[in-house]
Amino acid sequence: MPVFRKKRLFIILCGIIILVAMIGYSLRDRDSLTMPEKFINDTVGWVQSVIHTPVSYVASIFSNIDDIKNTYNENQLLKEKLAEYKSLIYEVQEIKEENEELRNTLDKSDSLRDFNPIHATVTSRSPERWVEQITINKGEQDGVETNMAVITAEGMIGKVQATSEFSSHVQLLSGFDQFNRISATISREEGNDDIFGLIEEYDKETDSLLFKIIDESDTEIEEGELVVSSGMGGVFPAGLMIGTVTDVIPDQYGLTNTALVEPAANMYEINNVIVVDRLLNGQEDVTAEEEDAE
Amino acid sequence: MKRLIIPAILFLLLILEGVAFELLPANLVTGNSVIIPHWVLIFLVFVAIFYDRANTYFCVLYGLIFGLLIDVVYTSVLGVYMFTYSITIYMTHGLKKIFHANFYVTILLGTLSIAVAEGIINIIFFVVGISDIPIKEYTIYRLLPTLLANFIFMVILYPIFAKRLLAWQRELLHMGESV
């Protein structure tokens, strides 16, 4: 019997050693997943997309019933808004054309705003809630790469964390830590300076992103101002909606301000997303230029 | 072929865990309390109690394999679920010798395993630095809702699988004494 006990202890110790080794390996900064991981992700991802279709169908029936209840009121409101939008659309078109003309005269066709959208469907969400991660059904074969921004119609929801051939993992904004920074800006009307800063991490207590302001402006930040990505980080394009300011707090020395930003997109009801492939690729251009110089 | 039924069910549960979020009512999901489906673990407990004999360890093997799958697919931190599920199931396998396998014992052992597994997972995540909430809030907002939700799932699953797993045991393991 003592021999058996020793064997059991030995196995548990081995297990702990393997556990520590594996955690250490997976928490290391790695660029891409290993082959077996990609294979598992693709296999599971394929079955997930098969299962997801009937499940989302059933789920949509229930939400449809909910929607029908307040259709009338919504309709009334939307009709009013639609009238407003019509004039807005006209205005936007004019401005777009003008912008293009001006760009053409300047010979500057690339913009930080341009991106190539890759449409994807969310197939699953991690049941482990410490890890805010969803799986989408597009992978390397469709041009998805690590660190690309992921948006919905409402705004940014996260970035691509890891890619496999036919599926990818997306880290949601609500899972961002201080290692995932977004260069962001608050855009102002003419005459006032824009505010620049970095979105540093997600604060779970207030359910908002911490927007650390680097470039202070004379005018104070107000509640409800829009925060968009600035495109200066080199990966995300400019002009992606991130959220609205809910509060501004000074840091402990009173030198800089931090704005609490409520994400514009709903992190819980995500079905269709767009992976943003920035056309103007900052980092690659730099390396290409360096190579040319050599 | 019949040997593949249990892994197939476990695989299906693993995938359903990923879409569980959509099936649950929205106010449960967006509220303060956090529910984590541990359906794979629940089925593993059933396998440990009804399918495995005292000298076979299929449940621990499945725990290792499907724990690793959960790690790869859902958390991208390898090893956590693999270690937790296999240790917890090994413990359950040892405990079942003391009790008779009836409804109450199954539910009790299942709830106990989920509590233990949740505990180990959170200790590991705490040490690694992924989670950082105090133990009191953790118990109220995460552990209790999770236990309750999984308890309901267990009660639903019991009548479907208890008899079947026993039948599969008689069919598949009577000659496999060497396993």
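All of these numbers come straight from a predicted model, not from anything done at the bench.

Trainee: Break down the overall build of chain B for me, with residues and values.
Mentor: Counting secondary structure elements, chain B contains seven helices and zero strands. Reading chain B from its N terminus to its C terminus gives the helix and strand order α-α-α-α-α-α-α. Relative to the 2.2 N^0.38 estimate, which gives 16 Å for 179 residues, the radius of gyration of chain B is 16 Å and therefore close to what a compact globule would have. Each of the three principal axes of chain B carries a C-alpha extent, and together these read 50 × 30 × 30 Å. Expressed as a percentage of its 179 residues, the buried residues of chain B come to 41%.

Trainee: Explain the environment of Leu16(B) residue by residue, including any values.
Mentor: Residue and element names in this part refer to chain B. With respect to the helices, strands and loops of the structure, Leu 16 is situated in helix H1 (residues 5–23). Under the C-beta neighbour-count criterion, Leu 16 is labelled partly exposed, with 18 such atoms within 10 Å. On a C-alpha basis, the gap between Leu 16 and Ser 76 in space is 18 Å, while along the polypeptide they are 60 residues apart.

Trainee: Can you break down the sheet that holds strand S4 (residues 156–163) of chain A residue by residue, with the values?
Mentor: All names here are of chain A. Read once around its circumference, the closed barrel built from six strands follows the order S1-S2-S5-S4-S3-S12, with strand pairing classed as antiparallel. Each neighbouring strand pair of the sheet contributes to a mean axis angle of 45 degrees, computed without reference to strand direction. Across five bridges, S4 lies against strand S5 (residues 168–172) in antiparallel orientation. Directly across from Val 160, in S5, lies its bridge partner Val 170. Against the sheet, helix H2 (residues 35–69) contacts strand S1 (115–125) and strand S2 (133–136), and its axis sits at roughly 80 degrees relative to S1.

Trainee: Quick one: what's the story with the packing of helix H6 (residues 103–128) of chain B against helix H7 (residues 135–173) of chain B, residue by residue and with numbers?
Mentor: Residue and element names in this part refer to chain B. Interhelical geometry of H6 versus H7 gives an angle of 145 degrees and a closest axis separation of 10 Å. Considering only the axes of H6 and H7, their crossing is right-handed. Of the residues in H7, those touching H6 at Phe 103, Thr 106, Ile 107, Gly 110, Thr 111, Ile 114, Ala 115, Glu 118 and Asn 122 are Tyr 138, Leu 143, Thr 146, Leu 147, Asn 150, Phe 151, Met 154, Val 155 and Tyr 158. A breakdown of the residues in the contact of H6 with H7 according to their chemical character gives 11 nonpolar, six polar and one charged.

Trainee: So what's going on with the nonpolar core? Residues and values would help.
Mentor: Core analysis: the biggest nonpolar cluster contains 48 residues, and Val40(B), Leu44(B) and Val47(B) have the highest contact counts within it. Secondary structure elements with two or more residues in this core: H1, helix H3 (39–51), helix H4 (58–75), helix H5 (80–95), H6 and H7 of chain B. With 13 residues, the top contributor of residues to this core is H3(B). If we ignore the near neighbours within four places in the chain, the residues touching Val40(B) are Leu10(B), Leu13(B), Leu14(B), Glu17(B), Phe66(B) and Ile70(B). Counting 40 residues, the second largest nonpolar core, distinct from the first, contains Val122(A), Ile136(A), Ile199(A) and Val227(A).

Trainee: Requested: an account of the interface of chain A and chain B, with residues and values cited.
Mentor: At the interface, 33 residues of chain A touch 30 residues of chain B. Those elements that place two or more of their residues in the side of chain A that touches chain B are helix H1 (2–27), H2, S1, S2 and S4 of chain A. For the side of chain A that touches chain B, the leading source of residues is H2(A), giving 11 residues. Tallied by class, residues from the side of chain A that touches chain B come to 17 nonpolar, 12 polar and four charged.

Cut-offs applied
Residues numbered from 1 in each chain as written. Chains lettered and ligands numbered in written order. Predicted model: local features only at pLDDT ≥ 70, side-chain atom pairs only at ≥ 80, totals over all residues. Helix = DSSP H or I, 4+ residues; strand = E, 2+ residues; numbered from the N terminus. Rg over C-alpha atoms; globule rule 2.2 N^0.38 Å. Buried ≥ 20, exposed ≤ 12 C-beta atoms within 10 Å, placed from the backbone. Pairing = 2+ DSSP bridges. Axes fitted to C-alpha atoms, helices over the stretch in contact; angles between N-to-C directions. Contact = placed C-beta atoms within 7 Å. Left-handed = near helix turned anticlockwise from the far one by under 90°. Nonpolar A, V, L, I, M, F, W, Y, C, P; charged D, E, K, R; others polar. Core = buried A, V, L, I, M, F, W, Y, C linked by C-beta atoms within 7 Å.

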